[in-house]
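Chain residues, written in single-letter form:
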Amino acid sequence: MSYMALKHAHMMFALISIVLFMLRAWIAVPSPARIKSKVLKVLPHIIDTLLLILGVWLAVMMKYNPMGNSPWLAAKIIGLVLYIIVGTIAIKRGKTARQRLIATLAAIVIFAYIYGAAVTKSPLSWLYL
Ligand code: HEM
């Protein structure tokens, strides 16, 4: 597959991931039990897995090494793990609506950080511009 096709597919899955997350948070912040749709439960895992696979594929293709020439990539991978952990607090594990709301906002900020790290190729993310 061409670099441009891979990169745009990766970016499209990133966009779908945050849209689905915001939709689920909208429903789940008042009460996680409100998420009844099977699609909304399963689809995000599929999208996030594809996002990750395409990211790793791109990194291998471009010889970006998170432990070597590409600290921004290490920042993205750590960011993705945090996005997933904080995301589950937002839509499932948070005990109160307030906790879930704060986790929702934090997950969106983490996503914006990852996006900035991708665009600027710096762990400073948007601060690098
Ligand atoms: C929420 C998670 C992620 C978001 C929002 C995201 C976003 C992006 C965006 C917007 C770009 C295009 C940057 C540009 O050229 O302007 C990109 C490229 C890329 N991403 Fe991700 N990404 C995410 C996760 C990952 C992960 C987990 C990996 C690796 C394991 C990864 C590896 C890459 C690579 C290698 C590129 C190609 C950079 C280039 O050659 O220009 N991404 N990503």
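In this text, all values refer to a predicted model and were calculated from it rather than measured experimentally.

Thresholds, definitions, all that
- Residues numbered from 1 in each chain as written.
- Predicted model: local features only at pLDDT ≥ 70, side-chain atom pairs only at ≥ 80, totals over all residues.
- Near = placed C-beta within 6 Å.
- Helix = DSSP H or I, 4+ residues; strand = E, 2+ residues; numbered from the N terminus.
- Nonpolar A, V, L, I, M, F, W, Y, C, P; charged D, E, K, R; others polar.
- Axes fitted to C-alpha atoms, helices over the stretch in contact; angles between N-to-C directions.
- Parallel < 35°, antiparallel > 145°, perpendicular 65-115°, else oblique.
- Left-handed = near helix turned anticlockwise from the far one by under 90°.
- Contact = placed C-beta atoms within 7 Å.
- Core = buried A, V, L, I, M, F, W, Y, C linked by C-beta atoms within 7 Å.
- Buried ≥ 20, exposed ≤ 12 C-beta atoms within 10 Å, placed from the backbone.
- Expected span 1.5 Å × (residues − 1).

Draft legend 1. Broad picture of the site of the ligand. Taken together, 23 residues lie near the ligand, and A14, G55, L58, A59 and A118 sit nearest. When contributions to the shell around the ligand are tallied by element, the ones reaching two or more residues are α1 (3-28), α2 (38-62), α3 (71-93) and α4 (97-120). Ranked by residue count, the leading element in the shell around the ligand is α2, at seven residues. Of the residues in the shell around the ligand, the class split is 18 nonpolar, three polar and two charged.

Draft legend 2. Focus on the environment of I108. By the secondary structure assignment, I108 is in helix α4. Put simply, I108 and K95 are 13 residues apart on the chain and 19 Å apart in space, counted from C-alpha to C-alpha.

Draft legend 3. Looking closely at the packing of α3 against α4. Their axes nearest at 8 Å, the elements α3 and α4 cross at an angle of 160°. It follows that α3 is roughly antiparallel to α4 by the angle criterion. Handedness of the α3/α4 crossing: left-handed. Facing W72, A75, K76, G79, L80, L82, Y83, V86, G87, I89 and A90 of α3, the residues of α4 in contact are Q99, R100, A103, T104, A106, A107, I110, F111, Y113, I114, A117 and A118. Residues of the contact of α3 with α4, tallied by class, amount to 17 nonpolar, four polar and two charged.

Draft legend 4. Representation of the nonpolar core within the structure. Ranked by size, the top nonpolar core spans 19 residues in total, and within it A107, I110 and I114 carry the most contacts. Those elements that place two or more of their residues in this core are α1, α3 and α4. Per-element accounting of this core gives the leading share, eight residues, to α4. Residue contacts for A107: discarding those within four places in its chain leaves F21, Y83, V86, G87 and A90.

Draft legend 5. Structural detail: unusual backbone geometry. Unlike most non-glycine residues, K121 shows phi in positive territory, near 55°. Of note, the phi angle at S125 is positive, near 55°, even though the residue is not glycine. Relative to the helices and strands, S125 resides in the segment after α4.

Draft legend 6. Focus on α2. If you check α2, its first and last C-alpha atoms are 37 Å apart, about what 25 residues at 1.5 Å a residue would give, namely 36 Å. Of all the residues in α2, the buried ones are I47, D48, L51, L54 and G55. Buried residues along α2 sit against α1. Positive backbone phi, approximately 55°, marks K63, located one or two places after α2.

Draft legend 7. Up close: α1. Relative to the 38 Å expected for 26 residues at 1.5 Å per residue, α1 spans 37 Å between its end C-alpha atoms, a close match to the ideal helical length. Among all positions in α1, only H10, A14, S17, F21, R24, A25 and A28 are buried.

Draft legend 8. Main features of the packing of α1 against α2. At a minimum axis distance of 9 Å, the contact between α1 and α2 shows a crossing angle of 150°. Classified by the angle their axes make, α1 and α2 are roughly antiparallel. Considering the relative orientation of α1 and α2, their crossing is left-handed. Packed against α1, whose contacting residues are Y3, L6, K7, A9, H10, F13, A14, I16, S17, L20, F21 and R24, the element α2 presents L40, L43, P44, I47, D48, L50, L51, L54, G55, W57, L58 and M61 at the interface.

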